[in-house]
Amino acid sequence: MIIDKPESKFIFIFNRMTATYGNSYTVHNDRPLTNSEVLKSWGKCLILGTRPWLDDLAKKLDSYVEEEIIPCVKYDREPSKNLGIEECVMMAYCHIERREEIWRIFSKFGSDYKAWVSEKETMELWEPGGPIMERWLNTTNFDKETKEKIRDNARQRFDYLENHPNDIFKPLAQ
Amino acid sequence: MTVLIRIPGSLKRWFNGSETAECECFSVKECVEDLEEQFSGMKDRLIDANNEVTSVMIFLNGDNVLKLDGLETSLKDGDELSIMPLAAGG
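Residues numbered from 1 in each chain as written. Chains lettered and ligands numbered in written order. Predicted model: local features only at pLDDT ≥ 70, side-chain atom pairs only at ≥ 80, totals over all residues.

Draft legend 1. Main features of the overall build of chain B. Of regular secondary structure, chain B possesses 2 helices and 5 strands. Its helices and strands taken in sequence order, chain B reads β-β-α-α-β-β-β from the N to the C terminus. In summary, chain B has a C-alpha radius of gyration of 12 Å against a globular reference of 12 Å for 90 residues, a match within 12%. Counting all 90 residues of chain B, 34% fall into the buried class. (Helix = DSSP H or I, 4+ residues; strand = E, 2+ residues; numbered from the N terminus. Rg over C-alpha atoms; globule rule 2.2 N^0.38 Å. Buried ≥ 20, exposed ≤ 12 C-beta atoms within 10 Å, placed from the backbone.)

Structure, rendered in structure tokens:
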């Protein structure tokens, strides 16, 4: 089910149970994953493309998400040019044991690109002082106080995940 | 040995418009050197002055080489490297 809300930076594909009832999609072997399991084993297969190409791909992937072969997909509404990216990024989330299956599906639809980024790596990129966090903050007009608040929020989020390893993972609303 | 390099559309201009390239190399470091010979200026785009991969992400068969042995990561025949702008990884 493609969720396209103009106020969101991303367009999502969720299965109906997640979209309608908020069921967790960070699931592996029919069990919702904990924070520590997500940091250890969850991540995303990345591909880049034009918005029209990704819109078309999203329609093809929708049935795979509905069948829970792919847990969740999100992609950029527009390229993050402020970060130096000229294409939209699509992220297909899954457990690391399922990524080869995702790549086979991508290949079927014309992309043989293989790039896996774990949630742990994503945290490292977006933690205070992390390369993407700081690059992004430098592109904004936020004052020093706001930037520090954003860093604090990220720090609190990551600290929570690491300090509550056995809690069921709850994705950040986007 | 031959390694295939896959490049997203936005970085094609670095590779004279191609979405793939090939290298004869035994490590990621040698691959960077080979790419520099094929595409002048490539080394500076892929690694910084400290010989670290900081502005792009390089994936070996899907895995970030920084999570393997970095530039010293060994390559074998048939391996595939994918290159992506760093910011796309978030």
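Draft legend 2. Up close: the overall build of chain A. When helices and strands are counted, chain A shows 7 helices and 8 strands. For the C-alpha atoms alone, the extent of chain A along its principal axes is close to 45 × 40 × 30 Å. In chain A, of all internal contacts separated by at least 6 residues, the share reaching a separation of at least 24 is 65%. (Contact = placed C-beta atoms within 7 Å.)

Draft legend 3. Molecular detail of the pairing of strand β8 (residues 115-118) of chain A. Sheet analysis places strand β5 (residues 42-49) of chain A next to β8(A), joined by 3 bridges and oriented antiparallel. In the strand pairing of β8(A), Cys45(A) is matched with Trp116(A). Relative to strand β4 (residues 62-64) of chain B, β8(A) runs parallel, the two being bridged by 2 bridges. Bridging from a neighbouring strand, Ala115(A) pairs with Gly62(B) of β4(B). (Pairing = 2+ DSSP bridges.)

Draft legend 4. Region of interest: the confidence of the model for chain B. Across chain B, pLDDT averages 93, with 100% of residues at or above 70. Here the complex is predicted with pTM 0.91, and the ipTM for its interfaces comes to 0.92. (pLDDT = per-residue confidence, 0-100.)

Draft legend 5. Representation of the sheet that holds strand β2 (residues 10-13) of chain A. Sheet architecture is open: 11 strands sit in the order β1(A)-β2(A)-β6(A)-β7(A)-β5(A)-β8(A)-β4(B)-β3(B)-β5(B)-β1(B)-β2(B), paired in mixed fashion. The two strands at the open ends of the sheet, each matched to only one other strand, are β1 (2-3) of chain A together with β2 (20-24) of chain B. The sheet strands contacting helix α3 (residues 51-66) of chain A are β1, β2, β5, β6 (72-76) and β7 (88-95) of chain A, and the helix crosses β6(A) at an angle near 170 degrees. Each of β1 (2-6), β2, β3 (56-60) and β5 (80-85) of chain B is contacted by helix α1 (residues 28-38) of chain B, which is oriented at about 115 degrees to β2(B), the strand it contacts most. (Axes fitted to C-alpha atoms, helices over the stretch in contact; angles between N-to-C directions.)

Draft legend 6. Looking closely at the environment of Asn51(B). In this fold, Asn51(B) is placed in the loop between α2 (42-46) and β3. Sequence separation between Asn51(B) and Leu71(B) is 20 residues, and the spatial gap between their C-alpha atoms is 8.3 Å.

Draft legend 7. Seen up close, α1(B). All names here are of chain B. Every buried residue of α1 is listed here: Val28, Cys31, Val32 and Leu35. Projected onto a plane normal to the axis of α1, the buried residues spread over an arc of 100 degrees and lie on a single side. Against β1, β2, α2, β3 and β5 lie the buried residues of α1. (Arc of directions from axis to C-beta.)

Draft legend 8. Geometry of the nonpolar core. Counting residues in hydrophobic clusters, the biggest one holds 55 residues, and the most contacted among them are Cys45(A), Leu46(A), Val73(A), Met90(A), Ala92(A), Ala115(A) and Cys31(B). Looking at which element gives the most residues to this core, the answer is β7(A), with 7 residues. For Val73(A), the residues in contact, after removing those within four places along its chain, are Phe12(A), Ile13(A), Ala58(A), Leu61(A), Val65(A), Met90(A), Met91(A) and Ala92(A). Leu33(A), Val38(A), Trp42(A) and Phe169(A) belong to the second-largest nonpolar core, a separate cluster that totals 6 residues. (Core = buried A, V, L, I, M, F, W, Y, C linked by C-beta atoms within 7 Å.)

Draft legend 9. Here's a closer look at the pairing of β3(B). All names here are of chain B. Along β3, 4 of the 5 residues are buried, which leaves the element largely enclosed by surrounding structure. Looking at chain direction, β3 and β5 are connected through 5 bridges and run antiparallel. Looking at β5, one finds that Phe59 is bridged to Ser82. Sheet topology note: the β3/β4 ladder contains 2 bridges and is antiparallel. Residue pairing for β4: Leu60 is matched across the bridge by Asp63. Linking two consecutive strands that pair antiparallel, namely β3 and β4, is a turn of 1 residue; a positive phi of about 50 degrees is found at Asn61 within it.

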